[in-house]
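Each chain, written out:
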Amino acid sequence: VFAGRFCAEKRLDVVIEAHRRIPLARRPHLLFVGGGPHLERMQEAARETERVSLLPYVADRHELAALYAAMDFYIAAGPGETFGLAIGEALACGLPVVTVERGAAPDRVEGSGASIGYRHGDADDAARALEAMARWVEREDATLRARARAHAEATLDWNRTVAELADLYRELVEQRAAA
């Protein structure tokens, strides 16, 4: 599942192309949830690509959490993510994550033991990651879900996040003052 805004910066074009490169017999079913300026492109991709579905934006957080819990893994394709809130939400719902190796995604999943990355803009590498995650989930679903949830609980606490941000700002101010 991917849940978010359908726009150029999310690079969903790479995910769709990657998905098309996986042989149909091994191709996971992808669900895209959301809307945005590329909604028509995503609708067209869903019509033209087997095992791709769309749902409209889900505003209710409980409904979204239930949707996440019913899925096998989350796709974080946006290379420009600055915090990766959707990744954190997916992890908290027990979803392992396929991530682009750029932006906040690698930091958000580092040490989780429940993620697979792919090179930015590389549809072949994204196909490898999607297929690998689908196989991994088949073998170790409960283990991956537990790792994802534990990682979210250990690393995504707002008190910890704000304290780490304040420490970073303090360090940067001190470096600038010393320069």
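Everything numeric here is computed off the predicted structure, so don't read it as measured data. (Residues numbered from 1 in each chain as written. Predicted model: local features only at pLDDT ≥ 70, side-chain atom pairs only at ≥ 80, totals over all residues. Heavy atoms only, no water.)

Peer 1: Before we go on, may I ask you to explain helix H3 (residues 61-70) in this structure?
Peer 2: In an α-helix, one turn spans 3.6 residues, which is why side chains three or four residues apart end up on the same side. Within H3, the full set of buried residues consists of Leu64, Leu67 and Tyr68. Angularly, the buried residues of H3 cover 100° about the axis, an arc narrow enough to put them on a single face. In H3, those exposed residues whose orientation departs by more than 90 degrees from the buried face are His62 and Ala70. On its buried face, H3 is in contact with strand S1 (2-5), strand S2 (30-35), strand S3 (52-55), strand S4 (74-76) and helix H4 (85-92). A side-chain oxygen of the first residue of H3 lies 3.0 Å from the backbone nitrogen of His62; this N-cap is Asp60. (Buried < 20%, exposed > 50% of the residue type's maximum accessible area, 1.4 Å probe, protein only. Helix = DSSP H or I, 4+ residues; strand = E, 2+ residues; numbered from the N terminus. Arc of directions from axis to C-beta. Contact = heavy atoms within 4.5 Å. Polar contact = N/O pair within 3.5 Å; in protein donor to acceptor, adjacent residues only side chain to side chain.)

Peer 1: It is not clear to me how the nonpolar core should be interpreted in this structure. Could you clarify?
Peer 2: Side chains that are nonpolar tend, in soluble globular proteins, to be buried together. By size, the foremost hydrophobic cluster in this structure holds 54 residues, and its most contacted members are Phe32, Tyr74 and Tyr118. Looking at this core element by element, the count peaks at 13 residues for helix H6 (residues 123-155). Among all residues touching Tyr74, those that are not within four sequence positions of it are Val1, Phe2, Ala3, Tyr68, Ala86, Ala90, Leu95, Pro96, Val97 and Val98. (Core = buried A, V, L, I, M, F, W, Y, C linked by side-chain atoms within 4.5 Å.)

Peer 1: Would you mind going over a nonpolar patch on the surface with me for this structure?
Peer 2: A cluster of nonpolar side chains, contributed by Leu165, Leu168, Tyr169 and Leu172, occupies part of the molecular surface with about 380 Å² of accessible area. On the secondary structure map, Leu172 appears in helix H7 (residues 158-178). For Leu172, a relative accessible area of 44% gives the class partly exposed. (Patch = residues over 30% accessible without salt bridge, like charges linked within 9 Å, V, L, I, M, F, W, Y side chains within 5 Å. Areas by Shrake-Rupley, 256 points an atom, 1.4 Å probe, with all protein chains shown as cover. Salt bridge = Lys/Arg side-chain N within 4 Å of Asp/Glu carboxyl O.)

Peer 1: Sorry if this is basic, but what is going on with the pairing of S2 here?
Peer 2: In summary, the side chains of a regular strand alternate between the two faces of the sheet. With 5 of 6 residues buried, S2 is to be regarded as a mostly interior element. Handedness of the crossover joining S1 and S2 through helix H1 (residues 12-21) is recorded here as right-handed. In the classification by handedness, the crossover that spans S2, the intervening helix H2 (residues 39-48) and the parallel S3 is right-handed. (Right-handed = clockwise from strand over helix to strand, strands pointing away.)

Peer 1: How do you make sense of the pattern of salt bridges when you look at a structure like this?
Peer 2: Opposite charge on two side chains lets them pair, provided their charged atoms get close. All chains considered together, the criterion is met by 15 salt bridges. Between Glu140 and Arg147 there is a salt bridge whose closest N-O contact spans 3.7 Å. Owing to a relative accessible area of 25%, Glu140 belongs among the partly exposed residues under this scheme.

Peer 1: I keep staring at the sheet that holds S2 and nothing clicks. Help me out?
Peer 2: Across the sheet, which stays open at both edges, the 3 strands sit in the order S1-S2-S3 with parallel pairing between neighbours. Single-partner strands in this sheet number two, and they are S1 and S3. Taken over all neighbouring pairs, the strand axes of this sheet differ in orientation by 25° on average, direction set aside. Note: S1 against S2, 4 bridges, orientation parallel. Its bridge partner lying in S2, Arg5 is registered against Gly35. Along the sheet face, H1 touches S1, S2 and S3 and points at about 160° away from the line of S2. (Pairing = 2+ DSSP bridges. Axes fitted to C-alpha atoms, helices over the stretch in contact; angles between N-to-C directions.)

Peer 1: Help me understand the sheet that holds strand S6 (residues 115-118), please; the structure alone is not making it clear to me.
Peer 2: Sheets are built from strands paired through backbone hydrogen bonds, the pairs being either parallel or antiparallel. Spatial strand order, S4-S5-S6: 3 strands in an open sheet with parallel pairing. Each edge of the open sheet is held by one strand with a lone partner, namely S4 and S6. For this sheet, the mean angle separating the axes of adjacent strands, direction not counted, is 20°. Taken together, the 4 bridges between strand S5 (residues 97-100) and S6 define a ladder with parallel strand orientation. Bridging from a neighbouring strand, Val98 pairs with Ile116 of S6. Packing of H6 onto the sheet brings it into contact with S4, S5 and S6, and relative to S6 it is tilted by some 165°.

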